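So the chains spell out like this:
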Amino acid sequence: MSALVSVRDLCVRFRTMGPLKALATGTNAPFIDAVCSVSFEIHKGETLALVGESGSGKSTVARTMIGLQRAVSGSISFDGQELTDLSAVERKPYLRRMAMTFQDPIGSLSPRLTVRSILTEPFRIHGLKDRDLGAEATRLLRMVGLPADFVGRYPHQLSGGQARRVSVARALALNPDLIIADEPTAGLDVSVQGEVLNLLTRLQDELGIAILIITHNLNVVRHITDRMAIMYLGRFIEVGTTQSIFHQPSHPYTEALLAANPEPDPDAVLNRIELKGEVPSVMYRPSGCEFHTRCRYAQDRICGRVAPPSSVSLQDPEHSFRCHFPLSSKSLTC
Amino acid sequence: MWIYLLKRVFLAVAITVIAVTLVFMMIHAVPGDPAVALLGPRATPEMIAHLHREMGLDKPLAVQIVIFFEGLLQGNLGFDVLSQRPVADIIFEQLPYTIELIFVSILWAVAIAVPLGCYSAMRRNSVIDQIVAIMAVATIAIPSFVMAVYALLIFAVTLHWLPAVGAGQGFLDGLVHLILPAFAVGIGWVGYISRLVRASMMEILGENHVRMARSFGISEWRIVLHYALPLAILPTVTILGVGIAWLLSSAVFIEVVFARPGIGALIVQAVNTRNYAVVIGAVLVTTVVTVLATTASDLIAASLDPRTREKL
Amino acid sequence: MASLEALRGETGPELAPGSFRKTVRQLRKNRLGVLGAALVAIVFASAIFAPIIITHDPTRIMVGPRLADPSLLFLLGTDQLGRDTFSRVMMGGRVPLLVAFASLGSSLAAGLVLGLIAGFGPRWLDNLLLLLFDTIRSFPGIIFALAIIGLLGPSLASMIFVIAITSMPIYARVVRTQTEALRNSEYIAAERTLGAGTMRILAVHVLPNVIGPLLILVSMDVPAVIAVEAGLSFLGLGVRPPTPDWGAILNDGYNYIQQTPWLVVGGGIPIVLATLGFTFLGEALRDMFDPKLRKDL
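Calculation criteria
- Residues numbered from 1 in each chain as written.
- Chains lettered and ligands numbered in written order.
- Predicted model: local features only at pLDDT ≥ 70, side-chain atom pairs only at ≥ 80, totals over all residues.
- Helix = DSSP H or I, 4+ residues; strand = E, 2+ residues; numbered from the N terminus.
- Rg over C-alpha atoms; globule rule 2.2 N^0.38 Å.
- Buried ≥ 20, exposed ≤ 12 C-beta atoms within 10 Å, placed from the backbone.
- Contact = placed C-beta atoms within 7 Å.
- Axes fitted to C-alpha atoms, helices over the stretch in contact; angles between N-to-C directions.
- Parallel < 35°, antiparallel > 145°, perpendicular 65-115°, else oblique.
- Left-handed = near helix turned anticlockwise from the far one by under 90°.
- Nonpolar A, V, L, I, M, F, W, Y, C, P; charged D, E, K, R; others polar.
- Core = buried A, V, L, I, M, F, W, Y, C linked by C-beta atoms within 7 Å.
- pLDDT = per-residue confidence, 0-100.

Colleague: Lay out the overall build of chain A in plain terms, naming residues and giving numbers.
Modeller: Of the regular secondary structure elements, chain A holds 11 helices and 13 strands. On C-alpha atoms alone, chain A measures out to a radius of gyration of 21 Å, which is about the 20 Å that the 2.2 N^0.38 rule sets for 334 residues. Referenced to the eigenvectors of the C-alpha coordinate spread, the extents of chain A come out at roughly 65 × 60 × 40 Å. Here chain A holds 334 residues, and 40% of them are scored as buried. Across chain A, the fraction of contacts at a sequence separation of at least 24, relative to all contacts at a separation of at least 6, is 64%.

This is the structure in structure tokens:
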């Protein structure tokens, strides 16, 4: 199976101050590394989840893939085409084939446009004027399970769940191969969250779309994704099939995340693992393994000094992680 | 903090330089020879050439600007050919009159407006508050020179209570001559400041620490005067810095109406006689005053408000 | 008394007055708005229908009575040249209205374009434009206007030009601030991911959100422009005589203030009514559509 999207060693940087201020305050690195050499692939029709705390860089990965942010280095190839060095005009045809939905369901819809205008924007942007725009709007609304008379509504007249459906409908407008869903359940009631997730999985089954989900909600990940990647301070610390990671997490951070996740089973034994301390700032990254300041297994002689290399699980060659003392000791350092 | 300060000062200098350059460029973009305008139609070519040399008009524009800035660094604002005196002398002779007028106007306006604003905030929506509200909008809207002409008509021409024109001789007479002009300049500010004080006072009276004081049984007047007023007055202080441009503008009209000496009257006269040296000097001085005032008020506001201070 | 105040504090200052008082307050505001609208309507009507209303040719110099008191023949008396003041006042509103709309219209357009560029363009261009706006703003308004008019020579065009230039930076700054806020909003990002170009984003998604507050701001500047126009004409730097103009009539009245009060009344009252009318209307519009819009920006 060939990869639809292939990201290699992606790095993204943000400036924290102007060059003049950096000079005046003597800062020699006036930027932060939001994403540090991240690599992954998404195959056709597959669902991948990026998981991590706020500020871990998962949204930045998504925004860079779709061109809202520039990469400092690394490559993003979509269906074999390198995207990072394309101009805005050259990128436009590829934006037809990938679409993104944003965290804020209502805030990501233009407030002065009707649902009809919002849904037909993609056609107008890409110059598809020969289509019957009214019919397209109703078709898209039907696909996401909204009544056709919603075309006349404005974003502020929609509930969070309805607005989320509209943004999914907009993403579907041009039959994309990939949908990037940034926190698809944020700001929604639990029952509505379920509806939206069911909608996404149903559409994926019907249309064969690949989905990249960015979330910190592990229940979402468990129920609808094939593979997952856990991010910490802009790096992938563990990647693998959802099943394998939930079954046997290798990184202590993953273990803590999974333990913090509320179990649907009321009889399950709760044994939470509390992470000590706060998330370190990406401006002052810890030395060695960047998780060692909060890790309960950390050993000073190595974890604080040497960055752990990427290792592969013995049972599952698709499952890799970065830790000196993985929880499942049956692993192999490469 | 120092970076912010430096930035502001740099900005102020940059604005002044750009302003002067703009005025220079405009003078030279305009058709017509200032020397011809000065000398009249019967001037001989020799006279015009001589005046050109004297005014420095025979050199290229860029050179003229550089010469002007060089002089500026030595406190030289140029030379007025018409009266054969340095421009700086003329301007600084007139400036005190304008400053006096502005100062007295703002003084009485603040003295009236602050109590009025406090009262309005304490008795919200009372009859007096509503009257003050309407009066405030009205006095802000009515142009100061219309106010001045009517004040002149009523108090000087009809009732003969107050002198009509001039700046007066000596301190007391000067003060009497200031009454009508200061009224016309200040009346709009009474409305503006009273609204400002009322708004910030109401905001502060709703805050927790004031409610706390109230729950201790401290009297309302004491709360207003001791706890709220020092905070409520801040927006007024900062707005006065920005308002200096507005004050200078109304001073122009008021000085003309009451035939007072001052920088405004000077500019109007210089514009009418096409005396460009004086116009440039006056625009420069007033611009510098305005830039200094706004920069100062920005810095004061920034140092008083912890939210802006953090961004420095 | 004290306990009542404490109670008000509990519910917050704005909720304190009862619903009856609140209604009264809104009515007062609306009444002022209605008054403003009525005044504005009168000003417009008299300017438009002036040629029908006037009783004499406003520019014809008559040999008859000079500086006459009001009579049935001359409703507001005559000026120093024997011209009918009432007719001059009626016609005199045309210039201020023309100046207000021409100058504010062009400064609105310029402010919109420059503000959009500053708010959406590259950082260096933003800084450059901000410097330009701040430079123009730091000229003391009238003095700058006097300097330019002194250079260009007094005329309708130079008046419009000066007012347009000096009011532009405020609009540009408002547009810039709003645009910059929108620039980082999620729906603009969403549009970008659909492949929309900058021009399309500005026209379809930014402009409709910026234009409303801007129009209110402009409407609130109309009285100030009328005042400036009248002031420049008062100083003899507005339209050339014999064109009738309120400020010029007021200046005639000022010159002959010892002889007759009627010219001052005829020139000044329309200025007062027009500025008050536009102010009340502007405030009412702001309160109705955008109560949060800051007064001083």
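Colleague: Please set out the packing of helix α4 (residues 115-125) of chain A against helix α6 (residues 160-172) of chain A residue by residue, giving values where relevant.
Modeller: All names here are of chain A. Viewed as axis vectors pointing N to C, α4 and α6 meet at an angle of 30 degrees, and their least axial separation amounts to 7 Å. The angle between the axes of α4 and α6 places the two elements in the roughly parallel class. Once α4 is placed against α6, the crossing between them reads as right-handed. Residues Val-115, Ile-118, Leu-119 and Pro-122 of α4 form the contact with α6, whose own contacting residues are Val-166, Ala-169 and Arg-170. Taken together, the residues of the contact of α4 with α6 break down into 6 nonpolar, no polar and 1 charged.

Colleague: If you had to explain the nonpolar core to someone new, which residues and values would you point to?
Modeller: One recurring pattern in soluble globular proteins: nonpolar side chains tend to sit buried together. In this structure, Ala148(B), Ile267(B) and Ala282(B) are the most contacted members of the largest nonpolar core, which totals 248 residues. Not counting chain neighbours up to four residues away, the residues in contact with Ala282(B) comprise Ile91(B), Ile263(B), Leu266(B), Ile267(B), Ala270(B) and Ile143(C).

Colleague: Can you explain the environment of Ile99(B)? Please cite residues and give values.
Modeller: All names here are of chain B. Topologically, Ile-99 is positioned in helix α5 (residues 87-122). On the basis of neighbour count, Ile-99 is assigned to the partly exposed category, with 15 C-beta atoms found within 10 Å. Each C-alpha atom of the pair Ile-99 and Leu-248 lies 8.9 Å from the other, and the pair is 149 residues apart in sequence.

Colleague: Help me get a handle on the interface of chain C and chain B, residues and values and all.
Modeller: Facing the 47 residues of chain C at the interface are 50 residues of chain B. Of all the elements in the fold, those that place two or more residues in the side of chain C that touches chain B are α1 (2-11), α2 (19-48), α6 (123-138), α7 (141-152), α10 (198-234), α11 (246-255) and α12 (262-289) of chain C. For the side of chain C that touches chain B, the element with the most residues is α7(C), which contributes 10 residues. When grouped by side-chain class, the residues that make up the side of chain C that touches chain B number 30 nonpolar, 11 polar and 6 charged.

Colleague: Go over the confidence of the model for chain C with me, naming the residues and quoting the values.
Modeller: Residue and element names in this part refer to chain C. With 87% of its residues at a pLDDT of 70 or more, chain C shows a mean pLDDT of 79. Taken as a whole, residues 1-19 scores under 50 in pLDDT and shows 18 contacts with residues more than four places along the chain or in a different chain. If you check the scores for this complex, the pTM reads 0.78 and the ipTM reads 0.82.

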